[in-house]
Amino acid sequence: MLSVISYPVFVLSVIVAMVFSISLFPVGWFEFRPEWLGLVVFYWTFRAPAQFGILLAWCLGLLLDVLEATPLGVNAMAMALIAFLVLTIHQRLRMYPMPQQCLMVFLLLGINQMLVHFVKQLLGADDAGFSYLWPALTSALVWPVFCILLDNINRKLG
């Protein structure tokens, strides 16, 4: 748990995650783009569970739905699920070394991606295969750098 939480760092991290979520990416690499907002929700509910929870994650997911022009509520439900799952295991997660945290990021963001994929399939999308899990894998690989970077920024500005 962080001793001092810098709310400007939180707001900046959300803005950067939103920009990265809708930013242009090379076409061949688009499916490998990390789930930036999922990482931000995971990080802040992991580091400050008393201040950042399910309702805030749901609001951020709703904002992502609007930005990505996806059916309203799909990402909101998925982000709220991430926040709920992180809140249920955050005390245990603190004791895990970084490789196990990366595995948990992969599992929780994989559940997020599966949920979003399932709802899009119900609404008529025609994606096949397991390529929707690539963002969870790349997010897990980015997690150590992401976590250390936000910890350092929050410590300096907090």
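Whatever comes next refers back to the structure up there.
The shown structure was predicted, so the numbers you read here are calculated from the model rather than taken from an experiment.

Q: Lay out the overall build of the protein chain with the relevant residues and their values.
A: Scanning the protein chain from terminus to terminus reveals six helices and zero strands. Each helix and strand of the protein chain, ordered N terminal to C terminal, gives the series α-α-α-α-α-α. Taken against the 2.2 N^0.38 rule, which gives 15 Å for 158 residues, the C-alpha radius of gyration of the protein chain at 15 Å falls within 12% of a compact globule. Residue burial in the protein chain is summarised as follows: out of 158 residues, 46% are buried. Taking as baseline every contact in the protein chain between residues at least 6 positions apart, the subset at least 24 positions apart corresponds to 73%. Entry remark: accessible area of the protein chain is about 8500 Å², with carbon and sulfur atoms responsible for 73%.

Q: Tell me what's going on with the packing of helix 3 (residues 54-68) against helix 4 (residues 74-95), and back it up with residues and numbers.
A: With their axes 7 Å apart at the nearest point, helix 3 and helix 4 run at an angle of 150° to one another. Put simply, helix 3 runs roughly antiparallel to helix 4. Read as a crossing pair, helix 3 and helix 4 show a hand that is right-handed. Here I54, A57, W58, G61, L62, L64, D65 and E68 of helix 3 come into contact with helix 4, specifically with V74, N75, A76, M77, M79, A80, A83, F84 and L87. Residues belonging to the contact of helix 3 with helix 4 are distributed by class as follows: 13 nonpolar, two polar and two charged.

Q: Provide a residue-level description of unusual backbone geometry, including the pertinent values.
A: Unusually for a residue other than glycine, A69 sits at a positive phi of about 60°. Here A69 lies in the loop between helix 3 and helix 4.

Q: Which residues make up helix 6 (residues 134-157), and what are the values?
A: In an α-helix, one turn spans 3.6 residues, which is why side chains three or four residues apart end up on the same side. Here helix 6 is 24 residues long and its end C-alpha atoms lie 33 Å apart, about the 34 Å a rise of 1.5 Å per residue gives. The inward-facing, buried residues of helix 6 abut helix 1 (7-22), helix 2 (36-47) and helix 5 (98-122).

Q: Before we move on, can you summarise the environment of I89 with the specific residues and values?
A: Relative to the helices and strands, I89 is located in helix 4. Overall, I89 belongs to the buried group, its relative accessible area being 15%. When the C-alpha positions of I89 and I54 are compared, they lie 14 Å apart, and in sequence the two are 35 residues distant. For I89, the contacting residues outside a window of four places in its chain are M104 and L108.

Rules of the game
Residues numbered from 1 in each chain as written. Predicted model: local features only at pLDDT ≥ 70, side-chain atom pairs only at ≥ 80, totals over all residues. Heavy atoms only, no water. Helix = DSSP H or I, 4+ residues; strand = E, 2+ residues; numbered from the N terminus. Rg over C-alpha atoms; globule rule 2.2 N^0.38 Å. Buried < 20%, exposed > 50% of the residue type's maximum accessible area, 1.4 Å probe, protein only. Contact = heavy atoms within 4.5 Å. Areas by Shrake-Rupley, 256 points an atom, 1.4 Å probe, with all protein chains shown as cover. Axes fitted to C-alpha atoms, helices over the stretch in contact; angles between N-to-C directions. Parallel < 35°, antiparallel > 145°, perpendicular 65-115°, else oblique. Left-handed = near helix turned anticlockwise from the far one by under 90°. Nonpolar A, V, L, I, M, F, W, Y, C, P; charged D, E, K, R; others polar. Expected span 1.5 Å × (residues − 1).

Purely geometric stuff here, so don't read any function into it on its own.
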